[in-house]
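Take a look at the letters that make up each chain.
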Amino acid sequence: MTELRSELIAKRYRAERRFRFYGATALAVTAAFLAVLLVSIVWQGLPAFLEKKIQLEVTVDPAAVDAANPVAGDYDKLLREGLRTLFPEASSRVLRKALNGLISTGGSDDLRSRVVADPSLIGKTLTVPALLSDDADLYLKGQQTGVTRAPGASAIQIAPLEGEEGFLITGDTPEKSPEALPGQLVQAGAVNLRITAAKPGYVTAEALTPMEPAMQQLAAGQWQLVTLSVPEQDRRISDVQALWLEKLKAEGRVETGFNWRFFTAGDSREAELAGVRGALVGSLLTVAVALAFALPLGVAAAIYLEQFAPKNRFTDLIEVNINNLAAVPSIIFGLLGLAVFLNFFGLPRSAPLVGGLVLALLVLPTIIIASRAALKAVPQSITEAALGVGASKQQAVFQHVLPLALPGIMTGTILGLARAFGETAPLLMIGMVAFIADIPSGFTSAATALPVQVFLWSDLPEAAFKSKTAAAIIVLLVVLFALNAAAIYLRKRFERRW
Amino acid sequence: MFLWTLLLVVLLAAGAYMAGRQRAIALQGAAGVRLHSLPSYHGYLLAAAALIGGLALAIATALAFGVHSPLTAVAAVIGAAIAAVPLYGKDTPDFRARNLFERVVLVVLVLCSGVAVLTTIGIVFSVVWETLIFFRSVSPFEFLLNTKWAPTGTPPSFGFLPLLAGTFLVTFIAIVVAGPLGLLSAIYMAEYATPRLRSVLKPVLEILAGIPTVVLGFFAALVVAPLIRNAGISVGLEVASESALAAGLVMGMMIVPLISSLSDDIINAVPQSLRDGSYALGATKSETIKRVVIPAALPGIVSAFMLAISRAVGETMIVVMAAGLAANLTANPLAAVTTITVQIATLLVGDQEFDSPKTLSAFALGFVLFFFTLFLNYIALRIVQKYREQYD
Amino acid sequence: MNAPVPHQTLVTPEKPKALASGQFKVTARDVDVYYGDKQAIKSLSIDIPDRSVSAFIGPSGCGKSTFLRCINRMNDTIPACRVTGDITVDGNDIYDPNIDVVQLRAKVGMVFQKPNPFPKPIYENVAYGPRIHGLARDKTELDQIVEKSLRKAGLWEEVKDRLQNPGTGLSGGQQQRLCIARAIAVNPEVILMDEPCSALDPIATARIEELIDELRQNYCIVIVTHSMQQAARVSQLTAFFHLGTLVEYGDTDEMFTAPQEKRTQDYITGRFG
């Protein structure tokens, strides 16, 4: 026996372990990427499934709402007035605008439906929820800035500075300075101050809202010290808006609910009003068209190629064709749709019909290949048995082979549909990328699709839309996982070993 | 309106089925003989005739008088009658309704298979046609050789070299990421992983493969790009907010499942006898893989890489969302680049007139993209086919 | 290549005793079968009488199965296969372009080497043929056909209580009898059996052989078998195939005791095979 050098063997085993480690690492990196991807999207998207509202006492002013036609009333204005009664200090135009910016411009549905249902409410005062604007919503979800809010530790005195703008805050004894740093906010009732500088023995502050009266004395615990971690210029909610929201929160007016609107509303320019219903319906219509065309065509083609086709140049050509089509970039199918369906046949732009046709052609090769595999898996003896008792070839295929291949065909079709459901690029080409607020009503009405909605929202600058995008992605992924689970179930349930 | 006509045709076909079947049953009773074909086949044949005749005439009418014309319904009835009534008259017991019907079915099946060919013809026709129109206003030499891409500039400039460079840069990064990851994953899955581990790992790769590219694009733009930018800044590098690196990295991760599943199949197809031969000489597993399995599987792996390149070149959403629009002729992975697919998408999104060089240039880019990927796919599929034959 | 087939013992009515009743059911004249370029059957002629069992024997690849599949044109399913010459059933040329292959196969049933029941209930397996050929006017008639066929195949007593169970759940021997019942159900006149017992155990084989003997009363049965003992047990006539030619065809008893051809003798005595 040849003597093997032991150090060489050790080296070879080290190489073995190293190689194995590389393989494991590659898989670990891939799995980690997937995990980070999913976690970051869920993390981003989950808050968008919740929405914040505030309870307001609103007087339904007969001047704003006509009893004869309550639907047409200006309910947004009523909400704004209801909010202003809570914050009388918002006296200037600028402050009123900041205050109005807290609530959504389209959030008065609750109020409207209640008044329409019961017109006797006109002239009365009721408590209704008002939807917050996207920025206020994000602030309260803690996505704009970190907030700490502490009751004032000691009594303070506020007095106007002499000879200049601003106020002077001192402790209850002249030597003791309040523990506040520049940038921190002081709130008490209608008083809203921002600390500008800390001096020995006192701090200076500026008034965010008019001080009435100009001199005030506040006991410990009567005032609040609010600290926002992100500087004002880096967030979309101002200091005074933050103070108002803090006060609303402290008064228990803020309520959190599930964001049903996300599933019932179409697209909107206002992030807090935007929903995926329109895109979801558009996607369903599009995929339905794709299914209606691709499934019969694909199965028929597969049956022909697998069961009837003679071996000749023509069928070879079809074979090569299908295999190559399966790998053509999806955007090329968009070009085809644009040039042929829109320009040549003059079909409507942005329509689910055209989108569905393009996606049908896109998934056709997938369905054909899967169906052929399923048909091929049915053993020849079944066909022979049918032929043996005098069935025609077509009877053998349609009555025996096809039913047995059906689970496999359905599995392949569902996976094809999942692909169609997530496809974006070809739909951009045929104009399914416009801003469409309405829920599409038919196969030829303008529509967009869920992945395209993701693309559209991801491009918008508002921070709230980032969260909405991630939420829309979650919806998309849930649909895709459901489709894949259905395919796996079918495969497991009907799998037959011959 | 046309939907109602279609419904009418279906109803006519159903009626024809009933009529044909009833007639056959009556004939059977009267003649007291067995028919050549089952009564239901007489029905199917008449239904098929009514369907084809009705549809043909209705569509012809729709093309002549418009889709919404009520004439289509009249045409449907006439067409169905013309096709079905003569067949109804064929009432002899040996009438071969089944054979005739099966011939109709076969023709339908052949036509369905033809759709795939028709799609290819449609693609070639649309990209070639519009490209030829484009080259009427812009010379092919400018398109191929100019180094400036500015379709909306004044004067516009249509040199596609920067796009090609950008496409290759992103694709190169993607393959550098995906190649080793995908191949090593496949080797580990095929040769090392226990069945239990494989049953966990395979779904992970399948899930990754099933994630829509628009989601990956969002992730690239929102998470990966800022990460790279911050990392670059912290070591003093200038990184564009939309960099080729971010797009390439995420695209690489997108391709990992493709390479790994293709390579997995190919590695599994290498006969066990080859491995046994190597083990019998005292080779370790990794030596067997590196010296025997991979060389034997090499053609297949090469074709897997070619398919992966074709996929990366044709990928749109990730680059649209993460690579940017700046047509820079650069090899710097930290700079913003643009790709062929990005330009096609941006040039054709939104309303536009169809005769401007700007829109037509998108089709010229589509032409390049289609034939380049077709070439790669064709070669790759040929290699795979040859390879399969070798071990079958 | 075109030289006349040497010395075939064509069966004539006056020769073997099994043929006293006359009339041939299946005849073949100068049949050649090609698979692509390869010739599988060379100029074969044979006359097969009705109401008897003919066994085809011979070494593997001798063409016996190929010829069997020509009789009901099952070879049509193989694209590269080409058949020339005349084969008639009841005097009708079955390769006539006007012949409906479906009706031919209804008349010439087939049982395959491996039992191949449809993955459907037992009842549906048997009822399928009568359904597609419209043999039953209503459900009761169909039930009768199913019962009759299963009885003839000797399976009724075993399955009558579980007609809705899948046919694939039966034992191998039962499955093969189910396939025979399925073939009988369409009222064929000829039943072709391609090594029907090769996948079965000896007990199941004995059961099928008994069945074949019973069926002889009503059908023309042609059976391909590898086992000479089986041929001797079940058949009245035996045909010996070798390298694509029919060497000898005649009375089984005579064939096994006093074959006319040297090659037959060599095969029967085990010199090759």
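Residues numbered from 1 in each chain as written. Chains lettered and ligands numbered in written order. Predicted model: local features only at pLDDT ≥ 70, side-chain atom pairs only at ≥ 80, totals over all residues. Heavy atoms only, no water.

**A word on the overall build of chain C**
Put simply, the test is: Elements are defined by DSSP. Helices are runs of H or I of four residues or more, strands are runs of E of two residues or more, and each kind is numbered from the N terminus. For this measure, only C-alpha atoms enter the radius of gyration; the expected value for a globule follows 2.2 Å times N^0.38, where N is the number of residues. Here's how the labels work: a residue is buried when its accessible area is under 20% of the maximum for its type, exposed when over 50%, partly exposed in between, all with a 1.4 Å probe on protein chains only. Two residues form a contact once any of their heavy atoms are found within 4.5 Å. Under the convention used here, a 1.4 Å probe and the Shrake-Rupley method define accessible areas, while residue burial counts only the protein chains that appear. Note that His is not counted, nor are the chain ends; the positive residues are Lys and Arg, and the negative ones are Asp and Glu. By convention, the charge on Lys lies at NZ, on Arg at CZ, on Asp at CG and on Glu at CD.
The secondary structure content of chain C amounts to ten helices and ten strands. Over its C-alpha trace chain C gives a radius of gyration of 19 Å, about what one expects of a compact globule, namely 19 Å for 273 residues. Summarising its shape, the C-alpha atoms of chain C cover approximately 55 × 40 × 35 Å along the three principal directions. With 273 residues in all, chain C has 56% of them scored as buried. Taking contacts inside chain C between residues at least 6 apart in sequence as the whole, the part at least 24 apart equals 67%. Roughly 11,700 Å² of accessible area belongs to chain C as shown, and the carbon and sulfur atoms make up 50% of that amount. The positive charge centre, built from 31 side chains, and the negative charge centre, built from 34, are 3 Å apart in chain C.

**As for the interface of chain A and chain B**
To be explicit about the condition: Values labelled buried area give the accessible surface lost by two parts on being combined, using a 1.4 Å probe and summing over both. Salt bridge criterion: a side-chain nitrogen from Lys or Arg within 4 Å of a carboxyl oxygen from Asp or Glu. Whenever two N or O atoms come within 3.5 Å, that pair is a polar contact, provided that in protein one can donate a hydrogen and the other can accept it, and provided that, for residues adjacent in sequence, both atoms are side-chain atoms. Side-chain classes are defined by residue name, with Ala, Val, Leu, Ile, Met, Phe, Trp, Tyr, Cys and Pro counting as nonpolar, Asp, Glu, Lys and Arg as charged, and the others, Gly among them, as polar.
Between chain A and chain B, the contact holds 74 residues from the first and 77 residues from the second. In this assembly, chain A packs against chain B so that about 6,500 Å² is buried in total across both faces, 78% of it on carbon and sulfur atoms. The largest share of the area that chain A buries against chain B comes from Phe19(A), Leu27(A) and Phe33(A), three residues that together contribute 11% of it. In this structure, the connection of chain A to chain B is made through one salt bridge. Between Arg12(A) and Glu287(B) there is a salt bridge, with its nearest N and O atoms 2.7 Å apart. Between the two partners, chain A and chain B, sit ten residue pairs in polar contact (both at pLDDT 80 or more). Among the elements that make up the side of chain A that touches chain B, the one with the highest residue count is helix α1 (residues 6–45) of chain A (22 residues). Looking at the side of chain A that touches chain B residue by residue, the class counts come to 53 nonpolar, 16 polar and five charged.

**Things to note about the sheet that holds strand β10 (residues 224–228) of chain A**
Residues and elements named next belong to chain A. Rules: Strands are treated as partners if at least two bridges between them are detected by DSSP. Every angle, taken between N-to-C directions, lies between 0 and 180 degrees, and every axis is a line fitted to C-alpha atoms, over only the stretch in contact when it is a helix.
The eight strands lie next to each other as β3-β10-β6-β7-β8-β5-β4-β9, forming an open sheet whose pairing is antiparallel. The sheet terminates laterally at β3 (147–151) and β9 (216–218), the two strands that pair on one side only. Pairs of neighbouring strands in the sheet enclose a mean axial angle of 30°, with direction left out of account. Direction of pairing for β3 relative to β10: antiparallel, over a ladder of five bridges. Bridged to Arg149 within β10 is Val226. Contacts from helix α6 (residues 239–250) reach β3, β6 (185–188), β7 (191–199) and β10, with the element oriented near 45° to β6.

**Things to note about helix α3 (residues 71–88) of chain B**
Residue and element names in this part refer to chain B. As a reminder, the rule being used: In a helix, the anticipated span is given by 1.5 Å times the number of residues less one. At every residue, the bend is computed as the angle between two fitted axes, covering the seven residues ending there and the seven beginning there respectively.
Given a rise of 1.5 Å per residue, 18 residues ought to cover 26 Å, and the 25 Å separating the end C-alpha atoms of α3 matches this to within 8%. In the structure, α3 departs most strongly from a straight axis at Ile82, where the bend amounts to approximately 30° and where the proline Pro86 lies between one and four residues downstream. Residues of α3 that are buried include every one of Thr72, Ala75, Ala76, Gly79, Ala80, Ala84 and Leu87, and no others.

**Here's the deal with the packing of aromatic side chains**
Aromatic ring pairs are reported here in terms of the distance separating the ring centres and the angle at which the planes meet. Quick reminder of the rule: By convention, a stacked pair of Phe, Tyr or Trp rings (six-membered ring in the case of Trp) has centres within 6.5 Å and planes under 30 degrees apart, an edge-to-face pair has planes over 60 apart, and any other such pair is tilted. Throughout this description, the term charge over a ring refers to an Arg CZ or Lys NZ atom that lies within 6 Å of the ring centre and within 35 degrees of the ring normal.
Inspection of the entire model under this criterion finds 32 aromatic pairs over all chains. Each ring, one from Phe67(C) and one from Phe241(C), has its centre 6.2 Å from the other, and the planes form 35°; the classification is tilted. A residue pair is termed long-range when its members are at least 10 positions apart, and Phe67(C) in helix α1 (residues 64–71) and Phe241(C) in strand β9 (residues 237–242) qualify at 174 residues. For Phe241(C), a relative accessible area of 0% corresponds to the buried category. Here a set of aromatic residues connected by ring pairs shows up, and it is made of Phe49(A), Phe258(A), Trp260(A), Phe262(A), Phe263(A), Trp457(A) and Phe465(A). Here the guanidinium or amino end of Arg269(A) rests over the ring plane of Phe435(A), the centre of that ring lying 3.8 Å away. It is Arg82(C) that lies over the ring of Tyr34(C); its NZ or CZ is 4.5 Å from the centre.

**A look at the side chain of Asp47(C)**
Residue and element names in this part refer to chain C. Mapped onto the fold, Asp47 is located in strand β2 (residues 38–49). What makes Asp47 buried here is its relative accessible area of 6%. A polar contact of 3.0 Å, which involves the side chain of Asp47, links it to the side chain of Arg29.

**Here we look at the environment of Ile383(B)**
Residues and elements named next belong to chain B. Mapped onto the secondary structure, Ile383 falls in helix α14 (residues 357–391). Exposure remark for Ile383: the relative accessible area of 23% places this residue in the partly exposed category. As for Ile383 and Ala364, which are separated by 19 residues in sequence, their C-alpha atoms are 29 Å apart. Not counting chain neighbours up to four residues away, the residues in contact with Ile383 comprise Pro299, Gly300, Ser303 and Met306.

**Quick word on a positive patch on the surface**
Heads up, the condition is: To count toward a patch, a residue needs a relative accessible area above 30% and no salt bridge. Like charges then connect within 9 Å, nonpolar side chains (Val, Leu, Ile, Met, Phe, Trp, Tyr) within 5 Å.
A surface patch of like charges, here positive, comprises Lys11(A), Arg14(A), Arg17(A), Arg18(A), Lys290(B) and Arg291(B). Listing elements by their share of the positive patch, those giving two or more residues are α1 of chain A together with α11 (285–314) of chain B. No other element matches the four residues that α1(A) contributes to the positive patch. Take Lys11(A): it is sitting in helix α1. Looking at Lys11(A), the relative accessible area reads 54%, which means it is exposed.

**So, the side chain of Thr383(A)**
Residues and elements named next belong to chain A. With respect to the secondary-structure elements, Thr383 resides in helix α12 (residues 380–388). With a relative accessible area of 4%, Thr383 lands in the buried category. Each residue touching Thr383, except ones within four places of it in the same chain, is listed here: Lys393, Ala396 and Val401.

**Focus on the state of the cysteines**
All names here are of chain C. What counts is decided by this rule: Cysteine sulfur atoms that come within 2.5 Å of each other are treated as a disulfide pair.
Considering all chains together, one arrives at zero disulfides over all chains under this definition. Residue Cys197 stays outside any disulfide, its sulfur separated by 12 Å from that of Cys179, the closest cysteine. Judged by its relative accessible area of 8%, Cys197 falls in the buried class.

**Quick word on the sheet that holds strand β2 (residues 125–131) of chain A**
Residues and elements named next belong to chain A. Spatially, β2-β1-β11 is the arrangement adopted by the three strands of the open sheet, whose pairing is antiparallel. Each end of this open sheet is capped by a strand with a single partner; those strands are β2 and β11 (254–258). Direction aside, the axes of adjacent strands within the sheet are offset by 35° on average. Pairing analysis gives five bridges linking strand β1 (residues 50–59) to β11, with the strands arranged antiparallel. Bridge pairing in β11 links Ile54 to Val254. The sheet strands contacting helix α2 (residues 75–86) are β1 and β2, and the helix crosses β1 at an angle near 80°. Set on the sheet, helix α4 (residues 109–117) makes contact with β1 and β2; between it and β2 the angle comes to about 145°.

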